[in-house]
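# Fold and contact review
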Amino acid sequence: MQPSTDALPADLPAPVDDGAADHLRGMTLPDVALTATDGRTVSLAKLSGRTVAYAYPRTGEPGKPALTPDWDAIPGARGCTPQACDFRDHHAALRARGVAQVFGLSTQTSAYQREAAELPHLPFPLLADPHRAFAMAARLPVFAAGGQGLLARLTLVIDDGVVAQVFYPVFPADRGAQQVIDWLDGAA
């Protein structure tokens, strides 16, 4: 697949590590059922092997304005499509390093995510947490924009339901998969 042409502006504000994800490393994930864009119901807590799950705030709708006019000014908000394309473009490299499955995770509905997954031809499903049941149970970092609670951008490496590594905050958004690859190469 070709790399994403949805380049991120160089002047996006960088998020800071506020410690909101510090509790995740070593955590046994809560058993919460999430709807996947491929029709399955997935619990990240029950998956065998190594899983990579990246959280993102939301994908925009083509031809529609951003959720809020100041979207690009919110540190870490912009970049969901480049993030998804980064994981798409590095999917084979992750699999070659023993990653059994990759998922994207947001608070958007599965119906909306199906459209988002088709556009960049993702080889992995997206998981929907529209009521934030998983986000609240795991105490994932969130932020508010446009009157909605959204997931902060992070990546979890999960081994048999236990978080082995956390990348937070992920910035720029299109570098998350490479962070995981670098960690896997150093951890091997």
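Below or above, wherever it landed, is the structure these notes cover. (Residues numbered from 1 in each chain as written. Predicted model: local features only at pLDDT ≥ 70, side-chain atom pairs only at ≥ 80, totals over all residues. Heavy atoms only, no water.)

## Here's the deal with the pattern of salt bridges
Here the idea is simple: oppositely charged side chains can pair when their charged atoms come close. The final tally for this structure, using the stated rule, is six salt bridges. Of the charged contacts, one joins Arg97 and Asp185 as a salt bridge, the two residues approaching to 2.6 Å between their closest N and O atoms. Of this pair, Arg97 sits in the loop between α2 (91–96) and β4 (99–106) while Asp185 is found in helix α5 (residues 176–187), placing the two residues 88 residues apart along the sequence. Arg97 sits in the partly exposed class, given a relative accessible area of 34%. For Asp174, the salt bridge goes to Arg175, with nearest N and O atoms at 3.0 Å. (Salt bridge = Lys/Arg side-chain N within 4 Å of Asp/Glu carboxyl O. Helix = DSSP H or I, 4+ residues; strand = E, 2+ residues; numbered from the N terminus. Buried < 20%, exposed > 50% of the residue type's maximum accessible area, 1.4 Å probe, protein only.)

## Some remarks on the packing of aromatic side chains
The final tally for this structure, using the stated rule, is three aromatic pairs. With 5.9 Å between their ring centres and 35 degrees between their planes, Tyr54 and Tyr56 make a pair best called tilted. Summarising the burial analysis for this pair, Tyr54 and Tyr56 share the class buried. Of the aromatic side chains, those joined through ring pairs into one cluster are Tyr54, Tyr56, Phe87 and Phe124. (Phe/Tyr/Trp six-rings, centres within 6.5 Å; stacked < 30°, edge-to-face > 60°.)

## Notes on the sheet that holds strand β5 (residues 126–128)
Strands pair in a sheet through their backbones, by hydrogen bonds, and they do so in one of two ways: parallel or antiparallel. Taken in spatial order, the seven strands line up as β2-β1-β5-β4-β3-β8-β9 in an open sheet, and their pairing is mixed. Across the chains shown, the open sheet's two edge strands, defined by having one partner strand only, are β2 (41–42) and β9 (162–167). The strands touched by helix α1 (residues 80–89) are β3 (50–55), β4 and β8 (154–159); relative to β3, the strand with the most contacts, the crossing angle is about 160 degrees. (Pairing = 2+ DSSP bridges. Contact = heavy atoms within 4.5 Å. Axes fitted to C-alpha atoms, helices over the stretch in contact; angles between N-to-C directions.)

## Examining the nonpolar core
Of all hydrophobic cores here, the largest spans 34 residues; its most connected members are Leu24, Leu29, Leu44, Leu127, Phe134, Leu140 and Phe143. Within the residue set of this core, elements represented by two or more residues are β1 (34–36), β3, β4, α4 (133–138), β6 (142–145), β7 (148–151), β8 and β9. Once residues within four sequence positions are removed from consideration, Leu44 is found in contact with Leu29, Leu34, Thr51, Ala53, Phe103, Leu127, Phe134, Ile158 and Gly161. In this structure, Val52, Phe87, Leu94 and Val99 belong to the second largest nonpolar core, which totals 19 residues. (Core = buried A, V, L, I, M, F, W, Y, C linked by side-chain atoms within 4.5 Å.)

## Details of the pairing of β3
Counting buried residues along β3, five of its six residues qualify, which places the element largely inside the surrounding structure. As paired strands, β3 and β8 are joined by six bridges and run antiparallel to one another. Residue pairing for β8: Val52 is matched across the bridge by Val157.

## Focus on unusual backbone geometry
For the bond running from Tyr168 to Pro169, omega is -15 degrees, close enough to zero to count as cis. The step from Phe171 to Pro172 runs through a cis peptide bond, and the omega angle for that step is -10 degrees. For Pro172, the location among the structural elements is in the loop between β9 and α5. Positive phi is not limited to glycine here, since Arg132 has a value of about 60 degrees.

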